[in-house]
Amino acid sequence: MADDDRNHSRRTLLATASGAAAALALTGPAAAVAATGSPAGAGISAGARPATGRGAAAQAYTWRTAAIGGTGFVTGVLFHPKVKGLAYARTDIGGAYRWDEAAQRWTALTDHIGWDDYHLLGVEAIAVDPANPDRVYLALGAYTQSWAGNGAVLRSTDRGATFSRTDLMVKLGGNEDGRGTGERLLVDPRDSDVLYLGTRHDGLLRSADRGATWAAASFPAAPSGSGQGITFLVAAERTVYAGWGDGGGALYRTSDGVTWQAVPGQPVTAATRVPVRAAYDAGARGLYVTYANTPGPNNQTDGAVFRLDTATGAWTEVTPVKPSGGDAFGYGGVAVDARVPGTVVVSTNNRWGPVDTLYRTTDGGRTWTSLKETAVLDVRETPYLTWGGSAPKFGWWIQAVAIDPFDSRHLVYGTGATLYATRDLARWAPWVRGLEESAVRQLVAPPAGGAALLSGLGDVGVMYHDTLTASPSRGMATNPVFGTATGLALAPLKPAYVVRAGWGDQGNGAYSADGGRSWRPFAAQPAIASTAPGPIAVSADGTTLLWSFVHWDGTKHPGFRSTDNGASWAEVTTFPRGAVPVADPVDRTRFYVYDTDAGAVYRSTDSGATFTRGASGLPSGDVQFRIAAAPGRSGDLWLSAKWNGLYRSTDGGVSFTKVTSCWGSYALGFGKAAPGAAYPAIFQTGATENFVGVYRSDDTGASWIRVNDDTHQWGWTGETITGDPRVHGRVYLGTNGRGIQYGDPA
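Note that the coordinates shown come from a computational prediction; the quantities given were computed from them, not determined experimentally. (Residues numbered from 1 in each chain as written. Predicted model: local features only at pLDDT ≥ 70, side-chain atom pairs only at ≥ 80, totals over all residues. Heavy atoms only, no water.)

Turning our attention to the overall build of the protein chain. When helices and strands are tallied, the protein chain shows 1 helix and 57 strands. For the protein chain, whose C-alpha radius of gyration is 26 Å, the value lies close to the compact-globule estimate of 27 Å for 746 residues. Considered along the principal axes of its C-alpha atoms, the protein chain spans approximately 80 × 55 × 45 Å. The buried share of the protein chain, reckoned over its 746 residues, is 63%. At a minimum sequence separation of 6, the contacts of the protein chain that also span at least 24 residues come to 54%. Side chains of the protein chain give 64 positive and 65 negative charges; the mean places of these two sets differ by 2 Å. (Helix = DSSP H or I, 4+ residues; strand = E, 2+ residues; numbered from the N terminus. Rg over C-alpha atoms; globule rule 2.2 N^0.38 Å. Buried < 20%, exposed > 50% of the residue type's maximum accessible area, 1.4 Å probe, protein only. Contact = heavy atoms within 4.5 Å. Lys, Arg positive; Asp, Glu negative; His and termini not counted. Charge placed at Lys NZ, Arg CZ, Asp CG, Glu CD.)

Printed below as a string of structure tokens:
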């Protein structure tokens with residue numbers, strides 16, 4: 001989450017109920033299965049769900065992730081207590097990762113998750129088995145609302161190289177409030193065959209067969225349909241502690257795995273309403289608990305830190321700094337040093353005034369030192385973290401903190417945009433190689449110039465990718481800085497001219513005359529732009545801009561037109577409200593708009609001044625139906641209408657013909673034509689049979705070749721795709737939490 005976007009929840013294309021419900025409706029909810037091991041999932045390798053009929057040929061591709069570095073909320077980090085260099089990280093929409101010590105980068109563990117299961121890229125919790133280092137467990141599920149699919153547990157005996165899957169009968173909330181609380185999944189310290197899973201609305205679940213089957217377990221607190229439920233499960237020797245986020249007794253424990261009791265003497269104040277995380281200091285027999293008045297990561301205004309002496313039962317408040325009216329915040333992460341008893345680190349959270357920090361103690365909480373003031377943040381590997389300023393921020397949304405059990409000075413913490421690490425408690429750098437979590441909104445591959453790619457992203461604006469293997473050297477586009485980009489377009493006949501739109505505090509639109517290297521804000525903008533910035537288009541020669549406006553709640557507003565680089569704007573009364581404008585790539589006077597309410601195309605032949613109705617009777621009712629214009633041709637349009645199929649017009653939108661070679665089309669783009677071919681290669685996220693994949697056509701859509709495979713699916717990929725106009729076969733694919741994936745024929 002951008003630090004200037006604090007009032008918007010993280011983050012994604014599917015972050016709202018309406019957005020996620022729309023995506024879910026594409027294919028219907030995943031089949032509900034009993035909470036037992038799914039035969040279909042047994043023994044699958046990183047994603048190889050059994051395939052049904054394949055209607056298209058396949059070509060082997062090499063897939064990589066374009067480097068940006070982080071860009072999303074890292075909600076949890078775990079070091080394995082017995083294996084040096086083994087660590088795991090979880091994210092709210094981008095899946096789970098394992099640290100590869102030899103390669104010095106993170107390896108994604110959940111890219112195999114496919115379209116129907118997109119919600120499983122929200123990771124609620126991770127558990128490792130201290131006695132069996134090769135075992136790792138993931139509790140997956142992003143949302144608990146009625147439209148969301150049920151959660152699942154993945155279990156691995158090879159550190160996540162392969163997984164078996166159990167579908168649950170309950171929902172998990174890895175992208176909801178409370179996602180930064182502790183791990184809700186735990187291996188029983190008395191018996192490695194037993195696991196516990198704390199849910200938000202369905203109490204405690206227990207497995208006696210290493211996660212293969214699950215059943216409800218007794219727990220003294222009653223869950224509700226709107227609460228947080230169990231916020232963490234932590235082992236302290238042979239005792240298990242559970243945080244409870246819905247009031248009453250906030251901390252429970254069991255010593256036999258069956259009977260739970262509220263921990264006596266625990267603090268009951270406004271500041272300790274929600275136990276956020278806990279960590280056990282075995283050397284000093286102390287359980288440290290961080291509290292806040294809400295689960296976070298937003299809206300926390302009070303909090304505290306307490307220590308429970310597990311030998312005597314005595315509680316001691318060890319809060320480093322108490323929140324106050326002028327400095328309101330909660331406490332979040334907590335980690336103990338396994339090598340040095342009494343050494344503990346905690347984080348503040350939602351501290352927007354003085355900025356969040358880490359506090360460290362070496363005497364069990366009697367005294368604390370803030371680490372922010374002496375921190376030197378080196379973000380040269382991920383320059384966007386300066387957010388257009390001169391220096392990066394120490395962090396926000398800090399709820400994940402961990403200390404390497406083999407190196408007391410290797411301390412890491414997650415933020416809303418990255419994961420920082422230090423080896424000396426002074427110098428910090430992002431620890432994110434291979435960890436990419438951006439939600440991608442737009443992709444533009446220039447036909448010429450220095451940029452390999454331009455991207456519009458959720459939370460971190462627009463990027464100019466001078467290379468795909470290193471984070472953009474310019475960071476995010478500035479002048480102005482955006483949070484989430486809502487529009488990005490290039491003039492095909494003048495490719496150095498680019499425009500962008502998005503959410504920002506210093507303006508919502510800008511243009512570039514050097515291919516996106518530098519930007520100038522529009523000198524003026526329509527009044528609605530600051531509260532409803534939407535898609536933007538530029539004519540083929542760069543002389544006319546068309547800007548559409550849609551509020552985040554879906555309210556549609558009139559479109560506006562500019563012919564002077566945004567110095568002045570005029571309303572276009574015949575432009576369908578809230579629709580996405582598309583410029584003809586050859587004829588500077590032509591624009592096209594698909595009215596998704598009416599199922600009709602509107603056309604302009606006077607540079608966007610007026611629009612008249614063209615083809616009608618087309619699919620309607622979904623704002624994500626969209627038009628793409630084939631490069632180098634006038635009036636050659638392709639309409640992706642999701643499950644309604646793919647349509648083509650060769651007369652500028654006067655009429656459309658359905659393409660019969662596929663039955664589903666969600667996002668479509670073009671790349672360099674195959675050798676000997678006259679028509680550009682077409683890429684789409686679509687379906688030729690009964691599943692959604694990534695396809696290429698080299699024969700104008702007559703046939704399709706699948707270019708992804710079952711280990712490369714990345715959940716929901718229906719927002720944007722484009723080929724490379726300079727390299728045949730290369731495709732760039734936008735994901736909703738796994739960054740920009742790009743593939744080349746192997």
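Core analysis: the biggest nonpolar cluster contains 40 residues, and L358, Y384, W387, L411 and Y413 have the highest contact counts within it. The next biggest cluster of nonpolar side chains, apart from the first, holds 18 residues, and it includes V83, L121, V123 and V128. (Core = buried A, V, L, I, M, F, W, Y, C linked by side-chain atoms within 4.5 Å.)

Turning next to the pairing of strand 37 (residues 509-512). A regular strand carries its side chains on alternate faces of the sheet. With burial as the criterion, each face of strand 37 is covered, one bearing G509 and Y511 and the other bearing A510 and S512. In the sheet, strand 36 (residues 494-502) pairs with strand 37 via 4 bridges, with the strands oriented antiparallel. For R500, the partnering residue across the bridge sits in strand 37 and is A510. Across 2 bridges, the pairing between strand 37 and strand 38 (residues 520-521) is antiparallel. The residue bridging A510 from the neighbouring strand is P521, located in strand 38. (Pairing = 2+ DSSP bridges.)

Let us look at the pattern of salt bridges. With the rule as written, the count across this model stands at 30 salt bridges. In this structure, the salt-bridge partner of D407 is R423, at a minimum N-O distance of 3.2 Å. Residue D407 is found in the loop between strand 28 (401-403) and strand 29 (411-414), and its partner R423 is found in the loop between strand 30 (419-422) and strand 31 (427-430); the two are separated by 16 residues along the sequence. For the salt bridge of D710 with R706, the shortest nitrogen-to-oxygen distance reads 3.3 Å. Each member of the pair D710 and R706 is classed as buried. Linked through salt bridges whose partners overlap, the residues forming this network are R64, R730 and D744. (Salt bridge = Lys/Arg side-chain N within 4 Å of Asp/Glu carboxyl O.)

A separate point is the sheet that holds strand 11 (residues 185-187). Ordered in space as 11-12-13-14, the 4 strands form an open sheet in which the pairing is antiparallel. The outermost strands of the open sheet, each flanked by one partner alone, are strand 11 and strand 14 (215-217). Each neighbouring strand pair of the sheet contributes to a mean axis angle of 30 degrees, computed without reference to strand direction. Strand direction decides the pairing type here: strand 12 (residues 195-198) and strand 13 (residues 204-207), joined by 4 bridges, are antiparallel. Bridge assignment links G198 to a residue of strand 13, and that residue is L204. (Axes fitted to C-alpha atoms, helices over the stretch in contact; angles between N-to-C directions.)

Read across the open sheet, the 4 strands follow the order 15-16-17-18; overall the sheet is antiparallel. Across the chains shown, the open sheet's two edge strands, defined by having one partner strand only, are strand 15 (230-236) and strand 18 (261-262).

With respect to the secondary-structure elements, Q399 resides in the loop between strand 27 (376-377) and strand 28. Residue Q399 is classed as buried on the basis of its relative accessible area of 0%. C-alpha separation for the pair Q399 and V334, spaced 65 residues apart in sequence, amounts to 8.0 Å. In terms of polar contacts, Q399 uses its side chain to reach the backbone carbonyl oxygen of P295, at 3.3 Å. (Polar contact = N/O pair within 3.5 Å; in protein donor to acceptor, adjacent residues only side chain to side chain.)

Within this model, the second largest pocket holds a volume of roughly 1,200 Å³. F79, P81, V234, A235 and Y280 are the residues nearest the centre of the second largest pocket, which is lined by 43 residues in total. Sorting the residues of the lining of the second largest pocket by element identifies strand 3 (74-79), strand 7 (123-128), strand 11, strand 15, strand 19 (274-281), strand 23 (330-336) and strand 28 as the ones contributing at least two each. Of the residues contributing to the lining of the second largest pocket, the split by class is 30 nonpolar, 3 polar and 10 charged. (1 Å grid on protein atoms, 1.4 Å probe; cavity = no way out; pocket = protein on both sides within 12 Å on 5 of 7 lines; lining within 4 Å. Points joined across faces, edges and corners; volume = space filled by probe spheres on them. Nonpolar A, V, L, I, M, F, W, Y, C, P; charged D, E, K, R; others polar.)

What follows is about the environment of A615. Mapping A615 onto the fold places it in the loop between strand 46 (612-613) and strand 47 (626-629). The spatial distance from the C-alpha of A615 to the C-alpha of A600 is 5.6 Å, given a sequence separation of 15 residues. The residues touching A615, leaving out its near neighbours within four places in the chain, are G599, A600, V601, G653, V654, S655 and F656.

As for its position among the elements, D710 is in the loop between strand 54 (705-706) and strand 55 (721-724). Taking relative accessible area as the criterion, D710 reaches 18% and is therefore assigned buried.

The next point concerns the packing of aromatic side chains. Each aromatic ring pair is specified by the distance between its two centres and by the angle formed by the two planes. Enumeration according to the criterion identifies 33 aromatic pairs in this entry. Centre to centre, the rings of F394 and W428 are 6.1 Å apart; their planes meet at 80 degrees, and the pair counts as edge-to-face. Placement of the pair is F394 in the loop between strand 27 and strand 28 and W428 in strand 31, with a sequence separation of 34 residues. For the pair F394 and W428, one class covers both residues: buried. Each member of the aromatic cluster is reached from another via a ring pair, and the members are Y196, F219, W244, Y252 and W260. When the ring centre of F329 is taken as origin, the NZ or CZ atom of R351, which lies over that ring, is 4.4 Å away. Directly above the aromatic system of Y464 lies the positively charged group of R474, at a separation of 4.6 Å from the ring centroid. (Phe/Tyr/Trp six-rings, centres within 6.5 Å; stacked < 30°, edge-to-face > 60°. Lys NZ or Arg CZ within 6 Å of the ring centre and 35° of its normal.)

Counted under the stated rule, the structure contains 3 cavities of 30 Å³ or more. Computed from the structure, the second largest cavity encloses a volume of approximately 50 Å³. W115, T685, V692, G693, V694, N708, Q713, G715 and T717 are the residues that line the second largest cavity.

Close inspection of predicted coordinates is inappropriate in any region flagged by low pLDDT. Put simply, the protein chain has an average pLDDT of 93, and 93% of its residues get 70 or more. Taken together, the stretch residues 1-54 has pLDDT below 50 and engages in 145 contacts with residues farther than four places along the chain or on a different chain. (pLDDT = per-residue confidence, 0-100.)

Residues G296 and P297 are joined by a peptide bond in cis, for which omega reads 5 degrees. Topologically, P297 is positioned in the loop between strand 20 (286-292) and strand 21 (303-309). Note that the residue after N479, namely P480, is joined by a cis bond; omega there is 5 degrees. Topologically, P480 is positioned in the loop between strand 34 (461-465) and strand 35 (485-491). Unlike most non-glycine residues, L425 shows phi in positive territory, near 65 degrees. With respect to the helices, strands and loops of the structure, L425 is situated in the loop between strand 30 and strand 31. With relative accessibility at 10%, the residue L425 sits in the buried group. On the accessibility criterion, N479 (40% relative accessible area) is partly exposed.

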